Amino acid sequence: MTDKILTEQNGEIARIIFNQPEKRNAVSLEMWEAVEKALKAFAEDPAVRILILSGAGGRAFVSGADISKFESERASEEAVTHYNTTTKRVYTAVEAFPKPTIAQIDGFCVGGGVALALCCDLRICGEGSQFAIPAAKLGLGYGFPGINRLVNVVGPAFAKEIFFTARRFNAEEARIMGLVNRIVPDNAVKQTAEETAAMIAANAPMTVGSVKFIVGETLKDESARDLAACEQRVKGCFDSADYIEGRRAFMEKRTPQFVGS
């Protein structure tokens, strides 16, 4: 594991940190590969109920690809294919992560940073955060999955504006577009992300997980939706010990202690 990707776990809350602050947490191939391994480990850990993704240094979430690595990582057609395949796997793994995910956005969120944030379930940013997808300034092609995620979050008109202009958008513009869930003071982003994570982690994991799955199905074409799997997950909630615990805790006027089964 490269030291440019850090992982932490505090009880039920896990964290993946992009740790290259001197480059505004620009991401190299080895960093994407390390993230992929961390995602797999946290997904398989039953103690983890929620994952926060963040950047080190307080100046950036992720500012896109590490351009200084292009000559070694993206110079040939074969290398570009390998890089793109790896990043596609990581984005898919974040989007399909079986537990809720939060993008804690401090400062700049650019290019691949926006793509990564869009894969998360919630996005919380500071008042000074700035967002951009500068592909049109670099002549880069941008594939269907990434554009589709953006359209699903902000709609087609804002997605076109973001790509066509390639300009930076401030936090309030991002909120208006629906790109972020919440804006908080810059010095409160980490605390807010952790408080939100703790709130979610205290709720019934099967209910939260089923809602995440079902929302994902609503975004698919109708013919591709697995409604039987949706019903199965709903039934699983009602058949669970957590449903019994939730009812009893409500009647007894106490905080429920959910176990995820």
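As shown above, the structure is provided for reference.
A few points on the structure. (Residues numbered from 1 in each chain as written. Predicted model: local features only at pLDDT ≥ 70, side-chain atom pairs only at ≥ 80, totals over all residues. Heavy atoms only, no water.)

### A closer look at the overall build of the chain
(1) Moving on: When its secondary structure is counted, the chain shows 12 helices and 10 strands.
(2) Moving on: Over its C-alpha atoms the chain spans a radius of gyration of 19 Å, differing by no more than 12% from the 18 Å that the globule rule assigns to 261 residues.
(3) Moving on: Over its C-alpha atoms, taken along the principal directions, the chain stretches across nearly 60 × 45 × 35 Å.
(4) Moving on: Sequence separation of at least 24 residues holds for 68% of the intrachain contacts in the chain that already meet a minimum separation of 6.
(5) Moving on: Within the structure as shown, the chain displays about 13700 Å² of accessible surface, and the carbon and sulfur contribution to it stands at 55%.
(6) Moving on: Charged side chains in the chain number 31 positive and 33 negative. The centres of these two groups are separated by 2 Å. (Helix = DSSP H or I, 4+ residues; strand = E, 2+ residues; numbered from the N terminus. Rg over C-alpha atoms; globule rule 2.2 N^0.38 Å. Contact = heavy atoms within 4.5 Å. Areas by Shrake-Rupley, 256 points an atom, 1.4 Å probe, with all protein chains shown as cover. Lys, Arg positive; Asp, Glu negative; His and termini not counted. Charge placed at Lys NZ, Arg CZ, Asp CG, Glu CD.)

### Let's talk about the pairing of strand E3 (residues 50-55)
(1) Moving on: In terms of burial, E3 is a largely internal element, 6 of the 6 residues being buried.
(2) Moving on: Side chains of E3 alternate between two faces, with Ile50, Ile52 and Ser54 and Leu51, Leu53 and Gly55 buried alike.
(3) Moving on: Judged from the 6 bridges that link them, strand E2 (residues 13-18) and E3 form a sheet pairing that is parallel. Among the inter-strand pairings, Ile16 is bridged to a residue of E3, identified as Leu53.
(4) Moving on: Taken together, E2, helix H1 (residues 29-44) and E3 constitute a β-α-β crossover, and its handedness is right-handed.
(5) Moving on: Sheet analysis places E3 next to strand E5 (residues 101-105), joined by 4 bridges and oriented parallel. (Buried < 20%, exposed > 50% of the residue type's maximum accessible area, 1.4 Å probe, protein only. Pairing = 2+ DSSP bridges. Right-handed = clockwise from strand over helix to strand, strands pointing away.)

### Remarks on the environment of Thr196
(1) Moving on: Considering the arrangement of structural elements, one finds Thr196 in helix H9 (residues 189-201).
(2) Moving on: Considered as a pair, Thr196 and Phe61 are 135 residues apart in the sequence and their alpha carbons are 18 Å apart.
(3) Moving on: Apart from the residues within four sequence positions on either side, Thr196 is in contact with Ile102, Leu122, Ile124 and Arg182.

### Comments concerning the nonpolar core
(1) Moving on: By size, the foremost hydrophobic cluster in this structure holds 48 residues, and its most contacted members are Ile16, Phe18, Leu53, Phe61, Leu116 and Leu150.
(2) Moving on: Formed by 12 residues, the second largest nonpolar core is a distinct cluster that contains Ile124, Ala188, Val189 and Ile200. (Core = buried A, V, L, I, M, F, W, Y, C linked by side-chain atoms within 4.5 Å.)

### Points about helix H3 (residues 77-95)
(1) Moving on: When the terminal C-alpha atoms of H3 are compared, their 27 Å separation across 19 residues agrees well with the 27 Å that a helix rising 1.5 Å per residue should span.
(2) Moving on: Residues of H3 that are buried include every one of Ala79, Tyr83, Thr86, Thr87, Val90, Tyr91 and Val94, and no others. Burial along H3 is one-sided: seen end-on, the buried residues are contained in an arc of 135 degrees. Seen from the buried face of H3, the exposed residues on the opposite side, beyond 90 degrees, are Glu77, Glu78 and Lys88. (Expected span 1.5 Å × (residues − 1). Arc of directions from axis to C-beta.)

### Overview of the sheet that holds strand E9 (residues 169-170)
(1) Moving on: In space, the 4 strands of this open sheet follow the order E4-E6-E8-E9, with mixed pairing throughout. For this open sheet the edge positions go to strand E4 (60-62) and E9, each flanked by a neighbour on one side alone.
(2) Moving on: Pairing between strand E6 (residues 108-110) and strand E8 (residues 130-132): 3 bridges, direction parallel. Residue Phe108 lies in a different strand from E8, and its bridge partner there is Gln130.

### A few points about the packing of aromatic side chains
(1) Moving on: The tally for this structure, following the rule as stated, stands at 4 aromatic pairs.
(2) Moving on: When the centroid spacing of 6.1 Å and the interplanar angle of 75 degrees are considered together, the rings of Phe18 and Trp32 count as edge-to-face. Of this pair, Phe18 sits in strand E2 while Trp32 sits in helix H1, placing them 14 residues apart in sequence.
(3) Moving on: For Phe18, a relative accessible area of 0% translates into the label buried. (Phe/Tyr/Trp six-rings, centres within 6.5 Å; stacked < 30°, edge-to-face > 60°.)

### Overview of a nonpolar patch on the surface
(1) Moving on: Together, Val211, Val215 and Leu219 make up an exposed nonpolar region whose accessible area comes to about 260 Å².
(2) Moving on: Looking at where Val215 falls in the secondary structure, it is placed in helix H10 (residues 205-218). (Patch = residues over 30% accessible without salt bridge, like charges linked within 9 Å, V, L, I, M, F, W, Y side chains within 5 Å. Salt bridge = Lys/Arg side-chain N within 4 Å of Asp/Glu carboxyl O.)

### Considerations on the sheet that holds strand E1 (residues 5-10)
(1) Moving on: Spatially, 6 strands are ordered E1-E2-E3-E5-E7-E10 in an open sheet, and the strand pairing comes out mixed. A single partner strand is all that each edge strand has here, and the edge strands are E1 and strand E10 (182-184). For this sheet the average axis-to-axis angle between neighbouring strands, irrespective of direction, equals 20 degrees.
(2) Moving on: In this structure, E5 lies alongside strand E7 (residues 122-126), joined through 4 bridges in parallel fashion. (Axes fitted to C-alpha atoms, helices over the stretch in contact; angles between N-to-C directions.)

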